[in-house]
Amino acid sequence: MTGKYLISRDETGTFRFALVAANGQTVAVGEGFATKAACVNGIESVRRISPDATVEDHTHLPV
């Protein structure tokens, strides 16, 4: 089984999405969106830009 995107509404009525792994663990949460359509567009944006995303380690940089 693969992960899934869950769309929900928060207490202010804003739409949000969460990427949930197959084991049920939430691995990422999107920003709040005013409309459901914008939320779905946010999911599509993540899908489009992330397949080949690299990892940048900034833990060695001074704070």
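That block above? That's the structure.
These figures come from a predicted structure and were not determined experimentally.

### Let's talk about the overall build of the chain
- Helix and strand counts for the chain come out as one helix and three strands.
- In terms of its C-alpha atoms, the chain occupies a principal-axis envelope of roughly 40 × 35 × 20 Å.
- Out of the 63 residues belonging to the chain, those deemed buried represent 16%.
- In the chain, once contacts between residues fewer than 6 apart in sequence are set aside, the share between residues at least 24 apart is 16%.
- Total accessible area on the chain is roughly 5100 Å²; 55% of this is exposed by carbon and sulfur atoms.
- Each charge class in the chain can be summarised by its mean position, and for the 6 positive and 7 negative side chains these summaries are 12 Å apart.

### Re the pairing of strand β1 (residues 4–9)
- Examined bridge by bridge, β1 and strand β2 (residues 15–20) share six bridges and lie antiparallel to one another. Residue pairing in the sheet places lysine 4 in a bridge with valine 20 of β2.
- Counted along the chain from β1 to the antiparallel partner β2, the turn is five residues long, and its residue glycine 13 has a positive phi close to 90°.

### A closer look at the packing of aromatic side chains
- Under the counting rule described, the total for this entry stands at two aromatic pairs.
- Ring centres 5.9 Å apart and planes at 65° place the aromatic pair tyrosine 5 and phenylalanine 17 in the edge-to-face group. Placement of tyrosine 5 in strand β1 and of phenylalanine 17 in strand β2 is noted, with a sequence separation of twelve residues between them.
- The class for tyrosine 5 is partly exposed, based on a relative accessible area of 23%.
- Taking the relative accessible area as the measure of exposure, phenylalanine 17 reaches 6% and is therefore buried.

Rules used in this analysis
Residues numbered from 1 in each chain as written. Predicted model: local features only at pLDDT ≥ 70, side-chain atom pairs only at ≥ 80, totals over all residues. Heavy atoms only, no water. Helix = DSSP H or I, 4+ residues; strand = E, 2+ residues; numbered from the N terminus. Buried < 20%, exposed > 50% of the residue type's maximum accessible area, 1.4 Å probe, protein only. Contact = heavy atoms within 4.5 Å. Areas by Shrake-Rupley, 256 points an atom, 1.4 Å probe, with all protein chains shown as cover. Lys, Arg positive; Asp, Glu negative; His and termini not counted. Charge placed at Lys NZ, Arg CZ, Asp CG, Glu CD. Pairing = 2+ DSSP bridges. Phe/Tyr/Trp six-rings, centres within 6.5 Å; stacked < 30°, edge-to-face > 60°.

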